[in-house]
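Here is how the chains run, residue by residue.
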Amino acid sequence: MQIELLKLEDVTDTIQKQVADLYRQLNANNSQRTLQEILQSGNNVLVIICRMDDSIVGTALLSTYKVISGYRGMVDDVVVDASQRGKGIGRKLMERLLEEGKKMGLDEILLFTGHHRAPAKALYKSLGFEMRKSGLYNLRLN
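Please read all numbers here as calculations on a predicted model, not as lab measurements. (Residues numbered from 1 in each chain as written. Predicted model: local features only at pLDDT ≥ 70, side-chain atom pairs only at ≥ 80, totals over all residues. Heavy atoms only, no water.)

*Asks:* I keep staring at the overall build of the chain and nothing clicks. Help me out?
*Replies:* The secondary structure content of the chain amounts to four helices and five strands. Scanning the chain from its N terminus toward the C terminus, one meets helices and strands in the order β-α-α-β-β-β-α-β-α. Here the C-alpha atoms of the chain give a radius of gyration of 15 Å, agreeing with the 14 Å that 2.2 N^0.38 yields for 142 residues. Considered along the principal axes of its C-alpha atoms, the chain spans approximately 40 × 35 × 35 Å. Counting only residues that meet the buried cut, the chain has 39% of its 142 residues in that class. Long-range pairs, those at least 24 residues apart, make up 59% of the contacts in the chain with a sequence separation of at least 6. When the accessible surface of the chain is summed, it comes to about 9400 Å², and 49% of that surface belongs to carbon and sulfur atoms. Averaging the locations of the 20 positively and 17 negatively charged side chains of the chain gives two centres separated by 7 Å. (Helix = DSSP H or I, 4+ residues; strand = E, 2+ residues; numbered from the N terminus. Rg over C-alpha atoms; globule rule 2.2 N^0.38 Å. Buried < 20%, exposed > 50% of the residue type's maximum accessible area, 1.4 Å probe, protein only. Contact = heavy atoms within 4.5 Å. Areas by Shrake-Rupley, 256 points an atom, 1.4 Å probe, with all protein chains shown as cover. Lys, Arg positive; Asp, Glu negative; His and termini not counted. Charge placed at Lys NZ, Arg CZ, Asp CG, Glu CD.)

*Asks:* So what exactly am I meant to see when it comes to the packing of helix α3 (residues 89-104) against helix α4 (residues 118-126) here?
*Replies:* Relative placement of two packed helices is described by the angle separating their axes and the distance separating the axes. The N-to-C vectors of α3 and α4 enclose an angle of 40°; their axes lie 11 Å apart at closest approach. The pairing of α3 with α4 is recorded here as oblique in orientation. The handedness of the crossing between α3 and α4 is right-handed. Contact with α3, carried on its side by G90, R91 and M94, involves L123, Y124 and S126 of α4 and no other residues of that element. Among the residues making up the contact of α3 with α4, the classes are represented as three nonpolar, two polar and one charged. (Axes fitted to C-alpha atoms, helices over the stretch in contact; angles between N-to-C directions. Parallel < 35°, antiparallel > 145°, perpendicular 65-115°, else oblique. Left-handed = near helix turned anticlockwise from the far one by under 90°. Nonpolar A, V, L, I, M, F, W, Y, C, P; charged D, E, K, R; others polar.)

*Asks:* For this particular structure, what's the right way to read α3?
*Replies:* Residues separated by three or four positions in an α-helix point in the same direction, a consequence of the helix having 3.6 residues per turn. Here α3 is 16 residues long and its end C-alpha atoms lie 23 Å apart, about the 22 Å a rise of 1.5 Å per residue gives. Within α3, the full set of buried residues consists of I89, G90, L93, M94, R96, L97, L98, E100 and G101. Of the residues one or two after α3, G105 is the one with positive phi, at around 80°. (Expected span 1.5 Å × (residues − 1).)

*Asks:* Quick question: what am I supposed to make of the packing of aromatic side chains here?
*Replies:* Geometry of an aromatic ring pair is reported as the spacing of the ring centres plus the angle between the planes. Evaluated as defined, the whole model comprises one aromatic pair. With centroids separated by 6.1 Å and ring planes inclined at 65°, the aromatic side chains of Y124 and F129 adopt a geometry described as edge-to-face. Side by side, Y124 and F129 carry an identical accessibility label, which is buried. Here K66 stacks its cationic end above the ring of Y71, 4.8 Å away from the centre of that ring. (Phe/Tyr/Trp six-rings, centres within 6.5 Å; stacked < 30°, edge-to-face > 60°. Lys NZ or Arg CZ within 6 Å of the ring centre and 35° of its normal.)

*Asks:* Looking at this model, I keep getting lost on the nonpolar core. Mind explaining?
*Replies:* One recurring pattern in soluble globular proteins is that nonpolar side chains are buried together. In terms of nonpolar packing, the biggest core is built from 22 residues, with V75, M94 and Y124 touching the most fellow members. Among the elements of the structure, β2 (45-52), β3 (55-67), β4 (70-80), α3, β5 (108-111) and α4 are those that each provide at least two residues to this core. Sorting elements by how many residues they give to this core places α3 first, with five residues. Residues within four places of V75 in sequence aside, it is in contact with L61, L62, M94, L97, I109, L110 and L111. One finds V11, V19, I38 and V45 within the second-largest nonpolar core, a separate group that totals 14 residues. (Core = buried A, V, L, I, M, F, W, Y, C linked by side-chain atoms within 4.5 Å.)

Dropping the structure here:
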């Protein structure tokens, strides 16, 4: 198992397909952006992958932004292949994201997860995340 920071120059058609297939396990209905689009200069997104042999079996993304209240990171698109769940891959992906966030000097890292995702919620709590006492609102623009 290798946990790696994916760079734009490392993206191939095979990697793009594997990540797209993996993401469909998280949400089959969402349209996807390409890795080239996500990793373009100025987009401020880190993509962490987990490889086993020649297959990508997990991903986690960290978007960063600066606002008046601080330098923040937002975790998105954490997914581990269904056949590999329960092996600590999600934890290793998240630990790497937290390590990268600390190196960058982030003040805070945020994430959202569905209430029904009990294993994910347990993982995040074990890593020190706490539930905020605020609501999340959403407006789909397209």
